[in-house]
Structure formats: C-alpha cells, structure tokens
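Architecture at a glance
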Amino acid sequence: MVASANFLSALAAFFMSLGVLSRTKRGVFVCQLLDSLTLGVSQVLLSSLTGAVSLAVGVVRNFVILAGKFTLPIMLVFCFLTVGLGLIFNTGGLFGLIPIIATLVLTVGSYYAEDEREIKFVAMMNLFLWSYYSFMIADYVTGITNLAVALVFALARAFDFSKWLLGTMKRRRGGFRLRKL
C-alpha cells in the first residue's frame, strides 16, 4: 500500500510541476485538478481521511472553476464544506487541521487571483502546507517533491519580480544612477 501511495504521490507531484509551468489560468487549474485527484487516492491509501476529504473538495472546486461557475457564494460554500467535512473526518487532532487550512487557502486564493501568476503564488503557499503535512504522515515522496516544487517556484517568482522591478526602474529613470547627496 505504501509503495502504491508513493507512486501516486510522485505522479501527483508531476502534475503539480506541470501546473507551475503552465502559462494560462485554465492550465494551472487542470493540473491542480489532476494533482488533487491523484494525491487524494494516495491519501486514502495512507489512511489520511482528512487529507483525502480536503482533496476531494478541491477536485470538485476545480471542476467548478473550469466550468466558469466559481462565484463568491460558491466559494463560501466550498469553504464551509472544507471545514465541515474536514472536521468530521479529522483523525489527526490539531495536526489534521493542516489539510483543511491548505484547502481553504487555495479555495479563497483561487477566487481572488486574477491571473496565472497569482494562482501559482497561492499554490506555492499551499505546497508548503501540504509538504509539512506529508512529512508528518510519512508520505515522503509528496513531502520532498512539494517542497522542491515550492522552493523552485519561490526562486523563479523572486527572479521574475526582480526582473520586473529592474525593467520598471530602467523605464522610469533611464537606468540605474546613484544620486549625489
């Protein structure tokens, strides 16, 4: 069972990596859907009901997003479903709240994100939460790959931000110049 779960976790990490590389909002959500679906089955094999339920809510949420029906009231319904079902199936005590929090972060972030960069940023924060949870339930494949993807994305995001900042400064001032005091 653990070997099967780890294989599925590696496959889920592959889907998440594709999502980070995607250049469209739709592509990011399709990859997240595949990641959540695959990782949900892995969580069931590892007896993590809270994780599996949170991921199942995430799968349905991503279908709704892809259908273009993700409004504020629907987002709130998904938040209540995540908390309600997560607490009902929580077998990990306080530690079992991590998948619930991670799913809430992604749900709210998906609603407010305006482009694929913002969605990827929210997904990166989500990956850190899931990585910690994965290490705690001995799903080391997911923990390591999520952490690696999140760190690579964080570095890419930092580089992209600095490139944008440099471009903005060059346009405004004609390049960098030291001001005389």
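Our structure's up above, just so we're on the same page.
Conventions used here
Residues numbered from 1 in each chain as written. Predicted model: local features only at pLDDT ≥ 70, side-chain atom pairs only at ≥ 80, totals over all residues. Heavy atoms only, no water. Helix = DSSP H or I, 4+ residues; strand = E, 2+ residues; numbered from the N terminus. Buried < 20%, exposed > 50% of the residue type's maximum accessible area, 1.4 Å probe, protein only. Contact = heavy atoms within 4.5 Å. Areas by Shrake-Rupley, 256 points an atom, 1.4 Å probe, with all protein chains shown as cover. Polar contact = N/O pair within 3.5 Å; in protein donor to acceptor, adjacent residues only side chain to side chain. Expected span 1.5 Å × (residues − 1). Phe/Tyr/Trp six-rings, centres within 6.5 Å; stacked < 30°, edge-to-face > 60°. Core = buried A, V, L, I, M, F, W, Y, C linked by side-chain atoms within 4.5 Å. Patch = residues over 30% accessible without salt bridge, like charges linked within 9 Å, V, L, I, M, F, W, Y side chains within 5 Å. Salt bridge = Lys/Arg side-chain N within 4 Å of Asp/Glu carboxyl O. Axes fitted to C-alpha atoms, helices over the stretch in contact; angles between N-to-C directions. Parallel < 35°, antiparallel > 145°, perpendicular 65-115°, else oblique. Nonpolar A, V, L, I, M, F, W, Y, C, P; charged D, E, K, R; others polar.

On to the overall build of the protein. Check the secondary structure of the protein and you find 7 helices and 0 strands. Across the protein, helices and strands are ordered from the amino to the carboxyl terminus as α-α-α-α-α-α-α. By the burial criterion, 42% of the 181 residues in the protein qualify as buried. For the protein, contacts bridging at least 24 residues in sequence account for 66% of all contacts bridging at least 6. If you sum the accessible surface of the protein, you get close to 10200 Å²; carbon and sulfur atoms cover 72% of it.

As a further point, take the environment of Thr82. Relative to the assigned elements, Thr82 resides in helix H4 (residues 72–88). Classification of Thr82 by relative accessible area gives buried; the value is 2%. For the pair Thr82 and Ile101, spaced 19 residues apart in sequence, the C-alpha separation works out to 8.7 Å. Discounting residues that sit within four places of it in the chain, Thr82 has contacts with Val57, Ile100, Thr103 and Leu104. Within the structure, Thr82 has its side chain in polar contact with the backbone oxygen of Phe78 (distance 2.7 Å).

Another aspect to go through is helix H1 (residues 2–21). A rise of 1.5 Å per residue sets the reference length of H1, with its 20 residues, at 28 Å; its end C-alpha atoms lie 29 Å apart and thus fit the reference within 8%. Of all the positions in H1, only Ala5, Asn6, Leu8, Ser9, Ala12, Ala13, Phe15, Met16 and Gly19 are classed as buried.

Here we take up the packing of aromatic side chains. For the structure shown, the criterion picks out 8 aromatic pairs. Taking 6.0 Å as the distance between ring centres and 55 degrees as the angle between the ring planes, the aromatic pair formed by Phe14 and Phe15 counts as tilted. Judged by its relative accessible area of 47%, Phe14 is partly exposed. Aromatic ring contacts, followed pair by pair, group Phe70, Phe78, Tyr111 and Tyr112 into a single cluster.

Right, let's get into the nonpolar core. Judged by nonpolar contacts, Val28, Phe29, Val57, Val64, Ile65, Phe70, Met75, Phe78, Cys79, Ala113 and Ile119 together constitute the single largest core of 11 residues. Within the residue set of this core, elements represented by two or more residues are helix H2 (25–45), helix H3 (49–66) and H4. Leave out the neighbours within four places in its chain, and Met75 touches Phe70, Thr107, Val108, Tyr111 and Tyr112. Ranked by size, the runner-up nonpolar core spans 10 residues in total, among them Ala12, Leu55, Trp130 and Tyr133.

Among the surface-exposed residues, Phe128, Phe135, Tyr140, Ile144, Leu147 and Leu151 lie close enough to one another that they form a single nonpolar patch of about 530 Å² accessible area. Elements with a contribution of two residues or more to the nonpolar patch: helix H6 (116–136) and helix H7 (140–173). Residue placement: Leu147 occurs in helix H7. Leu147 gets classed as partly exposed once you look at its relative accessible area, which sits at 30%.

Across the interface, H4 lies against helix H5 (residues 97–112) with an axial gap of 9 Å and an inter-helix angle of 175 degrees. As summarised for this structure, H4 and H5 are arranged roughly antiparallel, according to the angle between their axes. Together, Leu72, Met75, Phe78, Cys79, Thr82, Val83, Gly86 and Leu87 of H4 and Leu97, Ile100, Thr103, Leu104, Thr107, Val108, Tyr111 and Tyr112 of H5 make up the contact between the two elements. Grouping the constituent residues of the contact of H4 with H5 by class yields 12 nonpolar, 4 polar and no charged.

Structural measurements only, silent on function.
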